[in-house]
Amino acid sequence: MKINLLIIPFLALLLSGCGDEKKSDVNQTKTSDAAPTTSAPSQSQSQSANVEAPFELTLMDESKMTLQKFDKGFKVEGNDEAILFNFFATWCPPCKAEIPHLNNLSDKFKGKLKIVSVLMEDKSKDEIDAFMKKFKVNFGVSYGENNFLFAKALGGVVGIPYMVLYKPNGEYATHYVGLVPEEMLESDINKVIN
């Protein structure tokens, strides 16, 4: 009985995700017009940034992903696959815990699903590369100031991990806050690709 009482708070913490404002300014995207101060544009720059205009995410392989917001979601230039955007930070335990599941889904749905992790903290390219190698990440990771613009365009990211699934045509399908079972993600992905 004592063990069950200890497990419940641990599971609640693990499944709820990370939202520590001291480590990341990700929570500010929901409540402020200014982008987070961690590696994001200055307040005056972010207030003038138009989230309706096309913008680019830079991936670790230096490729660019051009996104255009529309009333039902985001169109991604040259894309015909479903996309799962995963907002994360390298310090977040649930973010790290979901990497093997995202790797599995990336392999399973190759050619039908694109997974892009959107880093919500300021890290050098070398630091991100070391993180990707350590956790054997086999999907795209975007970095840079436009990650915060993307979070703002979504209406804010309230905690991490935070994922948003889009259909191949760019229409919003669903979103998730906190750690999500792989089976649930797989079920939802099957619905949007079939």
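Residues numbered from 1 in each chain as written. Predicted model: local features only at pLDDT ≥ 70, side-chain atom pairs only at ≥ 80, totals over all residues. Heavy atoms only, no water.

**Q** Go over the pairing of strand β3 (residues 73-76), please, and point to the residues and values.
**A** Bridging between strand β2 (residues 64-70) and β3 involves 4 bridges; their strand directions are antiparallel. Bridged to Phe70 within β3 is Gly73. (Pairing = 2+ DSSP bridges. Helix = DSSP H or I, 4+ residues; strand = E, 2+ residues; numbered from the N terminus.)

**Q** Residue-level account of unusual backbone geometry, with values.
**A** The bulk of non-glycine residues show a negative phi, and the bulk of peptide bonds are trans. That bond from Ile160 to Pro161 is cis: its omega, -5°, falls within 30 degrees of zero. Following the sequence through the fold, Pro161 ends up in the loop between α7 (146-153) and β7 (162-166). A positive phi angle is found at Glu62, which is not glycine, with a value near 70°. Along the chain, Glu62 turns up in the loop between β1 (55-59) and β2. Judged by its relative accessible area of 40%, Glu62 is partly exposed. Positive phi, close to 55°, is recorded for Lys136, a residue that is not glycine. For Lys136, the position within the fold is in the loop between α6 (125-134) and β6 (140-143). The exposed category is assigned to Lys136, whose relative accessible area is 63%. (Buried < 20%, exposed > 50% of the residue type's maximum accessible area, 1.4 Å probe, protein only.)

**Q** Any details on the packing of aromatic side chains? Residues and values, ideally.
**A** Counted by the stated rule, this structure contains 11 aromatic pairs. Ring centres 6.4 Å apart and planes at 80° place the aromatic pair Phe55 and Phe74 in the edge-to-face group. Remark: Phe74 occurs in strand β3 and Phe55 occurs in strand β1; sequence separation between them is 19 residues. Here the two residues Phe55 and Phe74 agree in accessibility, since each one is buried. Taken together, the ring pairs in this structure connect Phe55, Phe74, Phe85, Phe87, Phe150, Tyr162, Tyr166 and Tyr172 into an aromatic cluster. Its guanidinium or amino end placed over the ring of Phe70, Lys75 lies 4.8 Å from that ring's centre, counting from NZ or CZ. (Phe/Tyr/Trp six-rings, centres within 6.5 Å; stacked < 30°, edge-to-face > 60°. Lys NZ or Arg CZ within 6 Å of the ring centre and 35° of its normal.)

**Q** So, the nonpolar core: which residues are in play, and what are the values?
**A** If you look at the biggest cluster of nonpolar residues, it comprises 51 residues, and the most contacted ones within it are Leu67, Phe85, Phe87 and Phe150. Per element, the largest residue contribution to this core is 6 residues, and it comes from strand β4 (residues 82-88). (Core = buried A, V, L, I, M, F, W, Y, C linked by side-chain atoms within 4.5 Å.)

**Q** Outline α6, supporting the account with residue identities and numerical values.
**A** Looking at α6, one finds that the buried residues are Ile128, Phe131 and Met132. All buried residues of α6 lie within an arc of 100° about the axis, which places them on one face of the element. Counted as exposed and oriented over 90 degrees from the buried face of α6: Asp126, Lys133 and Lys134. Looking at the residues trailing α6, positive phi occurs at Lys136, about 55°. (Arc of directions from axis to C-beta.)

**Q** Describe the pattern of salt bridges, listing the residues and the values that go with them.
**A** Pairs may arise between side chains of opposite charge once their charged atoms sit close together. Summed over all chains, the structure comprises 5 salt bridges. For Glu186, the salt bridge is made with Lys108, and the minimal N-O distance between the two is 2.6 Å. In this pair, Glu186 is assigned in helix α8 (residues 182-193) and Lys108 in helix α5 (residues 99-108), connecting sequence segments 78 residues apart. With relative accessibility at 53%, the residue Lys108 sits in the exposed group. With its nearest N and O atoms 3.1 Å apart, the salt bridge here joins Asp129 to Lys133. (Salt bridge = Lys/Arg side-chain N within 4 Å of Asp/Glu carboxyl O.)

**Q** Mind laying out α8, listing which residues take part and the relevant values?
**A** Between its first and last C-alpha, α8 extends 16 Å over 12 residues, near the 16 Å set by a 1.5 Å rise per residue. Restricting attention to buried positions, one finds in α8 the residues Glu182, Leu185, Glu186, Asp188, Ile189 and Val192. (Expected span 1.5 Å × (residues − 1).)

**Q** Explain the environment of Lys69 residue by residue, including any values.
**A** Tracing the sequence through the fold places Lys69 in strand β2. Distance from Lys69 to Ala53, taken between C-alpha atoms, is 7.2 Å for residues 16 residues apart in sequence. Within the structure, the side chain of Lys69 is placed 2.8 Å from the backbone oxygen of Ala153, a separation counted as a polar contact. (Polar contact = N/O pair within 3.5 Å; in protein donor to acceptor, adjacent residues only side chain to side chain.)

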